[in-house]
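Each chain is listed here by its residues.
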Amino acid sequence: MKRETTQIGPAQIAAQMDYCMKVHAMNAGMDHTPLAMVDTYGCQQNEADSERLRGYLSEMGYGFTDDEHEADLVLVNTCAIREHAEQRVLGNVGALTHTKRANPNQIVCLCGCMAQEEHVAKKVKESYRQVDLLFGPHALWRFPELLWRFRATGKRVFERTEEPGSIAEGIPVVRQDGVKAWVSIMYGCNNFCTYCIVPYVRGRERSRKPEDILAEIRGLAEEGYKDITLLGQNVNSYGKDLDEPMDFADLLARAAQIPGEFLLRFMTSHPKDASQKLFDTMAAWPEKIAPCFHLPFQAGSDRVLKAMNRVYDRAGYLDKVRRLRAAVPDAVITSDVIVGFPGETPEEFEETMTLIEEVRFDALFTFIYSPRVGTPAASLPDPMSREEKLKEFQRLVERQDQISEEKHAAYIGRTVRCLVDGKDEKGLTARTPGNRLVRLTGGESLIGRFVPIHITGANKWSLFGEQA
Ligand code: 5AD
Ligand code: SF4
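What follows covers the pairing of strand β20 (residues 450-458). Where strand β17 (residues 415-424) lies against β20, five bridges are found, and the strand directions are antiparallel. Residue pairing for β20: Arg417 is matched across the bridge by Pro452. Across five bridges, β20 lies against strand β21 (residues 463-467) in antiparallel orientation. Each bridged residue has a counterpart across the sheet, and for Gly457 the counterpart in β21 is Phe464. Taken together, β20 and the strand that follows it, β21, pair antiparallel across an intervening segment of four residues.

As structure tokens, this is what we get:
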């Protein structure tokens, strides 16, 4: 495939840094250090995007706050994957009318996947007058210029370009965490699953160059990051569009050879592209590549999979799982599933139930189908009631909870080398190599270290242990 991606070069990012300086100069006139609040919804890709938005904001002289009342600038990075996420965002943006009334100089920006949807942008323009600046994922790299334009003119800025998408290297990054880091290896998606909005809002699949990715991972390892997740909508099709094509397994093997004590993870994998070579690569670098695999199956019925345009069938999916387990016996396998896809019958739903029995996932992310404007599935007949879908959904969740609990119980008595990754109100948190949450007691000095943990208890969500 020919690479048609626009690469945003150093000169273009340098021009954006000049805009940062201009905004910085405008901020210098204020009587306090301006504060920004970045509110992020949705997936890890959005978290990674927010780290770059924070990078730019920091160059503009902004400090950060979690309190919208004291924020001079609120940046809402949105998710469009399901209606529920959109409603939460609109509710919260609606509430900003009050903070803005108290602080009329507050700047409200909306970006991310919802901003790229035409009908949302229109609605925001007409009914959410408190939003000063709106831009989609394609315009993220031009955020400083857009913000400057608003500051200079006082006129609302709405920037939504329809394009296949670009790759921008060199945007400054302010990371939220000192132990875990996200590295985008590619952007966009070409799969057009019939329920999914992502290809419409994030553009076509495009891969970062391997040298840029590997340099970033090397830098993170040197800074002491211990848990590095490679991100893409479908990491398994990485590299097909490069001038010198390279597959994901080769990229992962090269990343695994970077010196340092850290674990590599990746998400998400499309079953159609998850290759034996990738499973073998994981098996070859067990000390560096975490034995966990997020492999969304979405539905257990072949008819529904076809209607979803998933391009694999149930047997093909189960075969991938079998081969993954043969190569990496202790692999922790997680998945996504949609309940109530338009036209899915109760019998077809039973095939989802039997699939989870056959695979016994360690954890499952379960969703009720949500129609998305402009996707093919949204115009399919959908006779099943919301109540029926909810019942199926609850049955699925309950059964998976039992399976997760049983799987967690099997850890009790074992000693597992875990990464202590942080703390919350309940104490320290750690992760097994397979990314299961472990709660333990101990001093904060353990954070950022790999320690052997003796597992003493478990429930459906987490394991409990003590330092061995
Ligand atoms: N409705 C419900 N779930 C969806 N997902 C994606 N689009 C939709 C939709 N329209 C789920 C899929 C995907 C996960 C990130 O979100 O399971 O893997
Ligand atoms: Fe959406 Fe399918 Fe692409 Fe995943 S692979 S982002 S579900 S279109």
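From this point on, the discussion continues.
It is worth spelling out the site of ligand 1 at this point. Near ligand 1 you find Ile81, Arg82, Tyr195, Gln298, Asp336, Ile338, Phe367, Ile368, Tyr369, Ser370 and Arg372, and these make up its full shell. Interatomic distance of 2.6 Å between a side-chain N/O atom of Asp336 and an oxygen atom of ligand 1. Between Ser370 and ligand 1, the recorded distance is 2.8 Å, taken from a backbone N or O atom to a nitrogen atom. Burial of ligand 1 by the surrounding chains reaches 87%, relative to a free accessible area of 400 Å².

A separate point is helix α3 (residues 83-102). A rise of 1.5 Å per residue sets the reference length of α3, with its 20 residues, at 28 Å; its end C-alpha atoms lie 30 Å apart and thus fit the reference within 8%. Elements in contact with the buried residues of α3: β4 (73-78), β5 (107-112), α4 (113-116) and α5 (118-127).

This part takes up the environment of Leu230. With respect to the helices, strands and loops of the structure, Leu230 is situated in strand β12 (residues 227-231). Along the backbone, Leu230 and Ile217 are 13 residues apart, and their C-alpha atoms lie at a distance of 9.3 Å. In this view, Leu230 contacts Val183, Ile185, Ile217, Val235, Phe248, Leu252, Leu264, Arg265, Phe266 and Met267; residues no more than four positions away in its chain are not counted.

The next thing to look at is the sheet that holds strand β19 (residues 437-440). Pairing between the strands of a sheet comes from backbone hydrogen bonds, and it takes one of two forms, parallel or antiparallel. Ordered by their spatial adjacency, five strands build a closed barrel running β17-β18-β19-β21-β20, and the pairing between neighbours is mixed. Here the strands of the sheet are splayed against their neighbours by 55° on average, with no regard to which way each runs.

Moving on, we come to the sheet that holds strand β15 (residues 332-339). As summarised here, the arrangement of the three strands in space is β14-β15-β16, forming an open sheet in which the pairing is parallel. Each edge of the sheet is formed by a strand with only one pairing partner; in this case those strands are β14 (292-294) and β16 (363-368). The mean angle between the axes of side-by-side strands here comes to 10°, regardless of whether they run parallel or antiparallel. With six bridges connecting them, β15 and β16 associate as parallel partners. Bridge assignment links Ile338 to a residue of β16, and that residue is Phe367. The strands that helix α14 (residues 386-409) touches are β15 and β16; relative to β16, the one it contacts most, it runs at about 175°.

With that out of the way, let us pick up the pattern of salt bridges. This model, assessed by the stated rule, comprises 33 salt bridges. One salt bridge in this structure joins Asp362 and Lys407, with 3.7 Å as the shortest N-O distance. With a gap of 45 residues between them, Asp362 in the loop between α13 (346-359) and β16 and Lys407 in helix α14 connect regions that are remote in the sequence. The class for Asp362 is buried, based on a relative accessible area of 5%. Note that Lys389 is salt-bridged to Asp382, the shortest N-O span being 2.9 Å. The exposure class of Asp382 is partly exposed, given its relative accessible area of 31%.

Right, let's get into the site of ligand 2. Contacts to ligand 2 come from Cys189, Asn191, Phe192, Cys193, Tyr195, Cys196, Val198, Pro199, Gln233, His270 and Arg310. Tallied by class, residues from the shell around ligand 2 come to seven nonpolar, three polar and one charged.

Right, let's get into the packing of helix α12 (residues 314-327) against α13. Contact geometry of α12 with α13 gives a least axis separation of 11 Å together with a crossing angle of 15°. Looking at the two axes, α12 sits roughly parallel to α13. Both α12 and α13 take part in a crossing whose hand is right-handed. Contacts from Arg314, Tyr317, Leu318, Val321 and Arg325 in α12 reach Glu351, Thr354, Leu355, Glu358 and Val359 in α13. Looking at side-chain class alone, the contact of α12 with α13 contains five nonpolar, one polar and four charged residues.

Mapping Arg439 onto the fold places it in strand β19. In this structure Arg439 comes out as buried when scored by relative accessible area, which is 15%. Side-chain polar atoms of Arg439 contact the side chain of Asp424, separated by 3.0 Å. Sequence-distant contacts of Arg439, that is, excluding residues within four places in its chain, are made with Asp424, Lys426, Leu428, Thr429, Ser462, Leu463, Phe464 and Gly465.

A few words now on unusual backbone geometry. Look at the link from Met267 to Thr268: it is a cis peptide, with omega at 5°. Relative to the helices and strands, Thr268 resides in the loop between β13 (263-267) and α10 (276-284). A positive phi angle, close to 50°, is found at Phe192, a residue other than glycine. By the secondary structure assignment, Phe192 is in the loop between β10 (186-187) and α7 (198-202). Even without glycine at this site, Val311 takes up a positive phi of about 70°. Along the chain, Val311 turns up in the loop between α11 (302-307) and α12.

Thresholds applied
- Residues numbered from 1 in each chain as written.
- Chains lettered and ligands numbered in written order.
- Predicted model: local features only at pLDDT ≥ 70, side-chain atom pairs only at ≥ 80, totals over all residues.
- Heavy atoms only, no water.
- Pairing = 2+ DSSP bridges.
- Helix = DSSP H or I, 4+ residues; strand = E, 2+ residues; numbered from the N terminus.
- Near = heavy atom within 4 Å.
- Polar contact = N/O pair within 3.5 Å; in protein donor to acceptor, adjacent residues only side chain to side chain.
- Areas by Shrake-Rupley, 256 points an atom, 1.4 Å probe, with all protein chains shown as cover.
- Expected span 1.5 Å × (residues − 1).
- Contact = heavy atoms within 4.5 Å.
- Axes fitted to C-alpha atoms, helices over the stretch in contact; angles between N-to-C directions.
- Salt bridge = Lys/Arg side-chain N within 4 Å of Asp/Glu carboxyl O.
- Buried < 20%, exposed > 50% of the residue type's maximum accessible area, 1.4 Å probe, protein only.
- Nonpolar A, V, L, I, M, F, W, Y, C, P; charged D, E, K, R; others polar.
- Parallel < 35°, antiparallel > 145°, perpendicular 65-115°, else oblique.
- Left-handed = near helix turned anticlockwise from the far one by under 90°.

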